[in-house]
Amino acid sequence: MLRSYVLSLHHFTDLTSRVFYDTCCDFGSRFDTAVSQWEAPPVYSDLPSSNDSIRGEIRHTIETVIDTLDSSLRSLSLQIHSHPELMFEEIFAHRLLSDYMESHGFSVTRHYLGLKTAWKAEYTHGQGGRTLGINSEMDALPEIGHACGHNLIAISGVGVALAIKSALETYNVPGTVVLLGTPAEEGGGGKIILLERGAYKGMDACLMCHPSPGPELSSFVVSSLAMQSIDAEFFGQSAHAGNAPWEAYSSVSVLRQQIRPDHRVNGVINGSERAANVIPDYAKMRWYVRAPTRDQLTQLTERVCACFEGAALATSCRLKITKNTPYYDLRQNNILAGAFSHTICQEYGMNVGQYPSGASTDFVFLPSLHPAFAIPTRPNGGNHSPAFTDSARTTEAHKACMLTTKALACTGFRVLEDNVFFIRVQEAFEAST
């Protein structure tokens, strides 16, 4: 299956170098759902006051639209969940979601920017105005399907876009809504490719959300780590090459004593297909290097690569290092996060917390908001587990997703409608870069 999939990619663009699975968006596999582990809500200096929130009539319009669409969004979610598709092969989801957005008055571009399963749905009301971007992820994981709940991410993006479209029309606010169907988040860096090809050009802000384990009726704003995936291949004489991976592994183990506690280096030896009693002349390793910021990631990656080079030198091997597409740290916009947290807490009764994540994601490039919301899970049933696959199709998960969608739509509409609010969003973004 993988071989035919790789060959099919050439029809659109050469993405074979992107065909790898990095467990980048594992937001909650280590999250303890016990309330005693819950951290205090984030402190935002510009948290909206009650008279600074979105107007009640606008919120009512947004809620009404999402409530009206609830059953059809639930149907979309279950259909995507029942047809899990791997990175760059989200053909069913591409058609399903494109058709749905087109039927609701959006101008849809399929196979967007040369990616077979990317799509863009756009709606503009009036003349001028700002542009809000929204992401809908669609891909699943090998063997365990939608174990990160991308079926929920997909329908949340749809709901946000349609609710804001209605609000633009109802209140005659000029502006544009762009919903992107973003393939290959679990591996392959779909949003990164779209970014490189200009998909986010012209957007003033971009929103999405992500399901995670956690206390019932809770939402949280997560930080993330920047990540670099590295392949290290060792070539040499059969008497030598078998030693190289172990030399590298030992060097990295020693390096761990000299790196910061919030840095992560994990690796696996792929080995070769030789018989057990034959020392191979080739060995391959895959490593994940993670750090809180892009600059720290670059520095740590150089130190890890030096371990590989030392192992190759010590064992007289030739070394080939391949650095795959990096995932940079997620920077939440404080103003967007504050407005979202206020809305989802005050209007929809969800608790708001914050915790640092060891995950990484391909979402950072402009004023952005990427909150997580809790869905019911079994013990040890966090993201990227079979149990989370089951959780992602429950009615409770759908309800939590819809509450989050309403709060996101309220926040996104303010970007388009509220000039003072948008200036604060811009200022926060500039201060963080």
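None of these values were measured; they are calculated from a predicted model.

A. Quick look at the overall build of the chain. In terms of regular secondary structure, the chain is built from 12 helices and 14 strands. When the 433 residues of the chain are sorted by exposure, 57% land in the buried category. Restricting the contact set of the chain to residue pairs at least 6 apart, pairs at least 24 apart contribute 81%. When the accessible area of the chain is evaluated, it comes to approximately 17700 Å², of which 50% is carbon and sulfur surface.

B. Expanded view of helix H8 (residues 294-314). Taking 1.5 Å of rise per residue, the 21 residues of H8 would be expected to cover 30 Å, and the 31 Å separating its terminal C-alpha atoms lies within 8% of that figure. Taken residue by residue, H8 has Gln 296, Leu 297, Leu 300, Thr 301, Val 304, Cys 305, Cys 307, Phe 308, Ala 311 and Ala 312 as its buried positions. Take H8 and look down its axis: the buried residues cluster within an arc of 165 degrees, on one side only. In H8, the exposed residues that point more than 90 degrees away from the buried face are Asp 295, Gln 299, Glu 302, Leu 313 and Ala 314. Backbone geometry just after H8 places Ser 316 at a positive phi near 55 degrees.

C. Summary view of the sheet that holds strand E7 (residues 218-221). One open sheet accounts for 4 strands, arranged E6-E14-E7-E12; its pairing is mixed. The open sheet has two edge strands, strand E6 (210-212) and strand E12 (351-353), and neither has a second partner. Taking each pair of neighbouring strands and ignoring which way they run, the sheet shows an average axis angle of 30 degrees.

D. Quick peek at unusual backbone geometry. One non-glycine residue, Ala 184, lies in positive phi territory at about 55 degrees. Note that Ala 184 resides in the loop between strand E4 (175-182) and helix H5 (190-196).

E. The arrangement of the nonpolar core in detail. Ile 62, Met 101, Phe 106, Ile 164 and Phe 413 are the most contacted members of the largest nonpolar core, which totals 69 residues. Aside from chain neighbours lying at most four places away, what touches Phe 106 is Met 101, Ala 121, Glu 122, Tyr 123, Ala 161, Leu 162, Lys 165 and Val 177. Formed by 22 residues, the second largest nonpolar core is a distinct cluster that contains Met 285, Trp 287, Val 304 and Ala 311.

F. Looking closely at the confidence of the model for the chain. Of the residues in the chain, 81% reach a pLDDT of 70 or more, and the chain-wide mean stands at 85. This stretch, residues 29-47, has a pLDDT under 50; its non-local contacts, to residues over four places away or in other chains, come to 40 contacts.

G. Quick peek at the environment of Ser 341. Assignment of secondary structure puts Ser 341 in helix H9 (residues 334-346). Looking at Ser 341, the relative accessible area reads 6%, which means it is buried.

H. Quick peek at the sheet that holds strand E2 (residues 119-125). Sheet architecture is open: 6 strands sit in the order E1-E2-E4-E3-E5-E13, paired in mixed fashion. For this open sheet the edge positions go to strand E1 (107-110) and strand E13 (368-369), each flanked by a neighbour on one side alone. As paired strands, strand E5 (residues 205-207) and E13 are joined by 2 bridges and run parallel to one another. Bridged to Cys 206 within E13 is Ser 368. Those strands touched by helix H3 (residues 91-103) are E1, E2 and E4, and its axis lies near 160 degrees from that of E1.

I. Spotlight on the packing of H9 against helix H12 (residues 419-432). Their axes nearest at 7 Å, the elements H9 and H12 cross at an angle of 130 degrees. By the angle class used here, H9 and H12 are oblique. Contact with H9, carried on its side by Ile 335, Leu 336 and Ala 339, involves Phe 421, Arg 424, Val 425 and Ala 428 of H12 and no other residues of that element. Grouping the amino acids of the contact of H9 with H12 by side-chain chemistry returns 6 nonpolar, no polar and 1 charged.

J. Spatial organisation of the packing of helix H4 (residues 150-170) against helix H11 (residues 395-417). Across the interface, H4 lies against H11 with an axial gap of 8 Å and an inter-helix angle of 40 degrees. Viewed along their axes, H4 and H11 adopt a mutual orientation that is oblique. The chirality of how H4 crosses H11 is right-handed. Each of Leu 152, Ile 155, Ser 156, Gly 159, Val 160, Ala 163, Ile 164, Ala 167 and Leu 168 in H4 lies in contact with H11, whose residues at this interface are Ala 397, His 398, Cys 401, Met 402, Thr 405, Leu 408, Ala 409, Gly 412, Phe 413 and Leu 416. Partitioned by chemical class, the residues of the contact of H4 with H11 number 14 nonpolar, 5 polar and no charged.

K. Up close: the packing of aromatic side chains. Tallying each qualifying case throughout the model produces 4 aromatic pairs. Aromatic pair Phe 106 and Tyr 123: ring centres 5.9 Å apart, planes at 45 degrees, arrangement tilted. With Phe 106 in the loop between H3 and E1 and Tyr 123 in strand E2, the pair connects residues that are 17 residues apart, well separated along the chain. By relative accessible area, Phe 106 is classed as buried at 4%. Its relative accessible area of 13% is what places Tyr 123 among the buried residues. Ring pairs connect the aromatic residues Tyr 249, Trp 287 and Phe 308, which therefore count as one cluster. If you follow Lys 165 out to its NZ or CZ, it ends over the ring of Tyr 123, 4.8 Å from the centre. Here Arg 318 stacks its cationic end above the ring of Phe 235, 4.2 Å away from the centre of that ring.

L. Inspection of the side chain of His 384 at higher detail. On the secondary structure map, His 384 appears in the loop between strand E14 (371-374) and helix H10 (386-391). Here the side chain of His 384 touches Glu 186 through a polar contact of 3.2 Å, side chain to side chain.

M. Representation of H9. Here H9 is 13 residues long and its end C-alpha atoms lie 18 Å apart, about the 18 Å a rise of 1.5 Å per residue gives. The element H9 is largely enclosed, with a buried count of 10 among its 13 residues. Considered for burial, the residues of H9 that qualify are Ile 335, Leu 336, Ala 337, Gly 338, Ala 339, Phe 340, Ser 341, His 342, Thr 343 and Ile 344. Where H9 begins, the capping side chain belongs to Asn 333, and its oxygen is found 3.1 Å from the backbone nitrogen of Ile 335.

The rules behind the values
- Residues numbered from 1 in each chain as written.
- Predicted model: local features only at pLDDT ≥ 70, side-chain atom pairs only at ≥ 80, totals over all residues.
- Heavy atoms only, no water.
- Helix = DSSP H or I, 4+ residues; strand = E, 2+ residues; numbered from the N terminus.
- Buried < 20%, exposed > 50% of the residue type's maximum accessible area, 1.4 Å probe, protein only.
- Contact = heavy atoms within 4.5 Å.
- Areas by Shrake-Rupley, 256 points an atom, 1.4 Å probe, with all protein chains shown as cover.
- Expected span 1.5 Å × (residues − 1).
- Arc of directions from axis to C-beta.
- Pairing = 2+ DSSP bridges.
- Axes fitted to C-alpha atoms, helices over the stretch in contact; angles between N-to-C directions.
- Core = buried A, V, L, I, M, F, W, Y, C linked by side-chain atoms within 4.5 Å.
- pLDDT = per-residue confidence, 0-100.
- Parallel < 35°, antiparallel > 145°, perpendicular 65-115°, else oblique.
- Nonpolar A, V, L, I, M, F, W, Y, C, P; charged D, E, K, R; others polar.
- Left-handed = near helix turned anticlockwise from the far one by under 90°.
- Phe/Tyr/Trp six-rings, centres within 6.5 Å; stacked < 30°, edge-to-face > 60°.
- Lys NZ or Arg CZ within 6 Å of the ring centre and 35° of its normal.
- Polar contact = N/O pair within 3.5 Å; in protein donor to acceptor, adjacent residues only side chain to side chain.

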